[in-house]
Amino acid sequence: MPPTRSQRDMKLALDLVSGLERADQETKNIYGGLCHNFPVMVMQSGLCQAVAFSADKASGDGNRAKAHQKLLEHVGAILEIKGDLLPSLQTAPALTYMHHTRRVLDSWVFFKRFARSVLKVEAGGRDAD
């Protein structure tokens, strides 16, 4: 029997989060905090605004920018969007955008769990700014 979408998302999340194990501890802490806060940002502001926030933060240098860059890469991987994520979301039809939002929220449970178990980052340990 082929794996379910949830099983595929869980495996993808594990692979993506495990890829950060070799990152420095500060980047892991920031990324883990983002994993815990990103769904809240999506629910409060919408997927496009949450991605725009991370895109703005990713444009700088340092560990915070690296963590936001990884978050954007991981959202793009879940949504199977190649290239620049923000313009793809901004121009998506309403039904596609709603589907993308649901996909991110459904799969982000795994990112939160793996940030905790693989990266050892607890919820509320760092701010997402």
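Up top you'll find the structure we're talking about.
Nothing here was measured: the structure is a model prediction, and the numbers come from that model.

Quick notes on the overall build of the protein chain
A count of helical and extended segments in the protein chain gives six helices and zero strands. Secondary structure elements of the protein chain occur, N-terminal to C-terminal, as α-α-α-α-α-α. A compact globule built from 129 residues should have a C-alpha radius of gyration of about 14 Å, and the protein chain, at 14 Å, falls within 12% of that. Expressed as a percentage of its 129 residues, the buried residues of the protein chain come to 43%. Here the analysis covers contacts within the protein chain between residues at least 6 apart in sequence; of these, 77% occur between residues at least 24 apart. Approximately 7100 Å² of the protein chain is accessible, and the part contributed by carbon and sulfur atoms is 53%. Computed over 17 positive and 14 negative side-chain charges, the separation of the two mean positions in the protein chain equals 6 Å.

Brief notes about the packing of aromatic side chains
Overall, the coordinates contain two aromatic pairs when judged by the stated rule. Summarising the aromatic geometry, the rings of F38 and W108 are spaced 5.3 Å apart at their centres and angled 50° between planes, so their arrangement reads as tilted. Remark: W108 occurs in helix α6 (residues 94-117) and F38 occurs in helix α2 (residues 25-45); sequence separation between them is 70 residues. Neither F38 nor W108 differs from the other in exposure class; each is buried. Ring plane angle 15° and centroid distance 4.1 Å describe the contact between W108 and F111, whose orientation is recorded as stacked. Here the residue W108 and the residue F111 both occupy positions in helix α6, the gap between them amounting to three residues, near one helical turn.

A few points about unusual backbone geometry
The backbone phi angle of E80 is positive, close to 55°, even though this residue is not glycine. Mapped onto the elements of the fold, E80 is located in the loop between α4 (63-79) and α5 (85-90). Even without being glycine, K120 reaches a positive phi, approximately 65°. Residue placement: K120 occurs in the segment after α6. Accessibility expressed as a relative area gives 62% for K120, which makes it exposed.

Parameters at a glance
Along each chain, residues carry numbers from 1 onward, in the same order as the chain's sequence is written. Totals for whole chains, interfaces and linings use all residues, but because this is a predicted model, local features are given only for residues with pLDDT of at least 70 and pairs of side-chain atoms are given and counted only at 80 or more. Side-chain calculation: all heavy atoms of the structure are included, whereas hydrogens and water are not. Secondary structure elements are taken from DSSP: a helix is a run of H or I of four residues or more, a strand is a run of E of two residues or more, and numbering for both begins at the N terminus. The globule rule is 2.2 Å times the number of residues to the power 0.38, and the radius of gyration it is compared with is taken over C-alpha atoms. Only protein chains enter the area calculation, which uses a 1.4 Å probe; residues under 20% of their type maximum are buried, those over 50% are exposed, and those in between are partly exposed. We call two residues in contact whenever any of their non-hydrogen atoms come within 4.5 Å of each other. Note that accessible areas follow from Shrake-Rupley with a 1.4 Å probe, and for residues the cover is restricted to the protein chains shown. Counting rule applied: Lys, Arg positive; Asp, Glu negative; His and chain ends not counted. Just so you know, the charge point we use is NZ for Lys, CZ for Arg, CG for Asp and CD for Glu. The pairing test for Phe, Tyr and Trp rings, Trp by its six-membered ring, is centres within 6.5 Å, and the orientation test on the planes gives stacked under 30 degrees, edge-to-face over 60, and tilted for anything in between.

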